[in-house]
Amino acid sequence: MRTGSGPLWLRREDGHRQRLDLERWFAPPDQADWTLLSRCLRRGLPTLDIGCGPGRLVAELQTCGLPALGVDITHTAVSRTRGMGGNALCRSVFDRLPRENRWGTALLADGNLGIGGDPSALLRRAAELLCHDGVLLVEVEPGDLDERVTVAVEDASGRSGPTFPWARLGAPATVRCALLAGFAPIDAWDCRDRHFLALRR
């Protein structure tokens, strides 16, 4: 996160590794990112980027004149977001946040539906943060995946950090959780091998 280059992986307890796309997270928004950003801009409402990482999305929204805030538990990520001119807080999404129940749009991009390892709890929390008729834009995994795992971040030397719970959901599983959290699916789209849903509160 300090250098903006990898490789880094999420390693599961069974040994399976998923590469983290650090280079894309640190690059300017790409075509798939713009499918999210353009929806935020069309709505024209304050936007919360949950798990903002190094801040490419929240910084771009602010450059375009849209009020936006990133939230992330990683100090380095928040510092980079602020360095790009984006507003960001070093805080868990489950902590008290500004504008609770008043955000017009929220983002869960780059696999951040996995935060906390309990997508149902995360979606319920997102519903609490959004205003009535607010929209959550979520990036999902391909296919009908519904995976809850324990992972650790591993670097190229095989060194690992502490373990933490994580989840990976495809669109069908995400919709099932979203309906129980009070959301209604209103759109689904793909771009550059990435997959997205729009959910209305």
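Above this note sits the structure.
Residues numbered from 1 in each chain as written. Predicted model: local features only at pLDDT ≥ 70, side-chain atom pairs only at ≥ 80, totals over all residues. Heavy atoms only, no water.

1. Digging into the overall build of the protein
Then step 1. Of regular secondary structure, the protein possesses 6 helices and 11 strands.
Then step 2. For the protein, whose C-alpha radius of gyration is 16 Å, the value lies close to the compact-globule estimate of 17 Å for 201 residues.
Then step 3. Dimensions of the protein, computed from C-alpha atoms along their principal axes, come out at roughly 45 × 35 × 35 Å.
Then step 4. Relative to its full complement of 201 residues, the protein shows a buried share of 52%.
Then step 5. When the accessible surface of the protein is summed, it comes to about 9300 Å², and 50% of that surface belongs to carbon and sulfur atoms.
Then step 6. Once the 26 positive and 25 negative side-chain charges of the protein are each reduced to a mean point, those two points are 5 Å apart. (Helix = DSSP H or I, 4+ residues; strand = E, 2+ residues; numbered from the N terminus. Rg over C-alpha atoms; globule rule 2.2 N^0.38 Å. Buried < 20%, exposed > 50% of the residue type's maximum accessible area, 1.4 Å probe, protein only. Areas by Shrake-Rupley, 256 points an atom, 1.4 Å probe, with all protein chains shown as cover. Lys, Arg positive; Asp, Glu negative; His and termini not counted. Charge placed at Lys NZ, Arg CZ, Asp CG, Glu CD.)

2. Details of the sheet that holds strand S3 (residues 47-50)
Then step 1. As summarised here, the arrangement of the 7 strands in space is S5-S4-S3-S6-S7-S11-S10, forming an open sheet in which the pairing is mixed. One side of each edge strand has no neighbouring strand; the edge strands of this open sheet are strand S5 (88-90) and strand S10 (184-191). For this sheet, the mean angle separating the axes of adjacent strands, direction not counted, is 20 degrees.
Then step 2. Strand direction decides the pairing type here: S3 and strand S6 (residues 103-108), joined by 3 bridges, are parallel. The residue of S6 that forms the bridge with Asp49 is Leu107.
Then step 3. Along the sheet, helix H2 (residues 31-43) makes contact with S3, S6, strand S7 (130-140), S10 and strand S11 (194-200), crossing S10 at roughly 145 degrees.
Then step 4. Contacting S3, S6, S7 and S11, helix H5 (residues 119-129) runs over the sheet at an angle of about 140 degrees to S7. (Pairing = 2+ DSSP bridges. Axes fitted to C-alpha atoms, helices over the stretch in contact; angles between N-to-C directions. Contact = heavy atoms within 4.5 Å.)

3. A word on the nonpolar core
Then step 1. Membership of the largest hydrophobic core comes to 38 residues, with the highest contact counts inside it found for Leu48, Leu113, Leu123, Leu136, Phe183 and Leu199.
Then step 2. Ranked by the residues each element gives to this core, the list is headed by H5, at 5 residues.
Then step 3. In this structure, Leu113 is in contact with Leu108, Pro119, Leu122, Leu123, Val138, Glu139, Val140, Leu169 and Thr174, ignoring residues within four places of it in sequence.
Then step 4. Membership of the second largest hydrophobic core comes to 17 residues, among which are Leu57, Val58, Leu66 and Ala68. (Core = buried A, V, L, I, M, F, W, Y, C linked by side-chain atoms within 4.5 Å.)

4. A short note on the packing of aromatic side chains
Then step 1. In total, this model carries 2 aromatic pairs according to the counting rule given.
Then step 2. Seen from their ring centres, Phe164 and Trp166 are 6.0 Å apart, and the 90 degrees between their planes marks the pair as edge-to-face.
Then step 3. Classification of Trp166 as buried rests on a relative accessible area of 15%.
Then step 4. For the ring pair Trp189 and Phe196, a centre distance of 5.4 Å and an interplane angle of 20 degrees mean the geometry is stacked.
Then step 5. According to the relative accessible area criterion, Trp189 is buried, its value standing at 10%.
Then step 6. The positively charged end of Arg39 is found above the aromatic ring belonging to Trp189, 3.5 Å away from the centroid.
Then step 7. Between Arg99 and the ring centre of Trp103, over which it is positioned, the NZ or CZ distance is 5.3 Å. (Phe/Tyr/Trp six-rings, centres within 6.5 Å; stacked < 30°, edge-to-face > 60°. Lys NZ or Arg CZ within 6 Å of the ring centre and 35° of its normal.)

5. Looking at the environment of Ile73
Then step 1. By the element assignment, Ile73 lies in the loop between strand S4 (68-72) and helix H4 (75-83).
Then step 2. Using a relative accessible area of 62% as the deciding quantity, one classes Ile73 as exposed.
Then step 3. Measuring from C-alpha to C-alpha, the distance between Ile73 and Pro142 comes to 26 Å, with 69 residues separating the pair along the chain.
Then step 4. Once residues within four sequence positions are removed from consideration, Ile73 is found in contact with Cys90, Arg91 and Ser92.

6. Concerning H2
Then step 1. For H2, built from 13 residues, the straight-helix expectation of 18 Å at 1.5 Å per residue is met to within 8% by its first-to-last C-alpha distance of 19 Å.
Then step 2. N-capping of H2 is provided by Asp30, with a side-chain oxygen placed 3.1 Å from the backbone N of Ala32.
Then step 3. At the exit of H2 stands Gly44, carrying a positive phi of roughly 70 degrees. (Expected span 1.5 Å × (residues − 1). Polar contact = N/O pair within 3.5 Å; in protein donor to acceptor, adjacent residues only side chain to side chain.)

7. Concerning the side chain of Asp49
Then step 1. Along the polypeptide, Asp49 turns up in strand S3.
Then step 2. Buried charge without a partner: Asp49 forms no salt bridge, and the closest opposite charge is Arg56, 6.8 Å away.
Then step 3. Residues within four places of Asp49 in sequence aside, it is in contact with Leu57, Val58, Leu69, Gly70, Val71 and Leu107. (Salt bridge = Lys/Arg side-chain N within 4 Å of Asp/Glu carboxyl O.)

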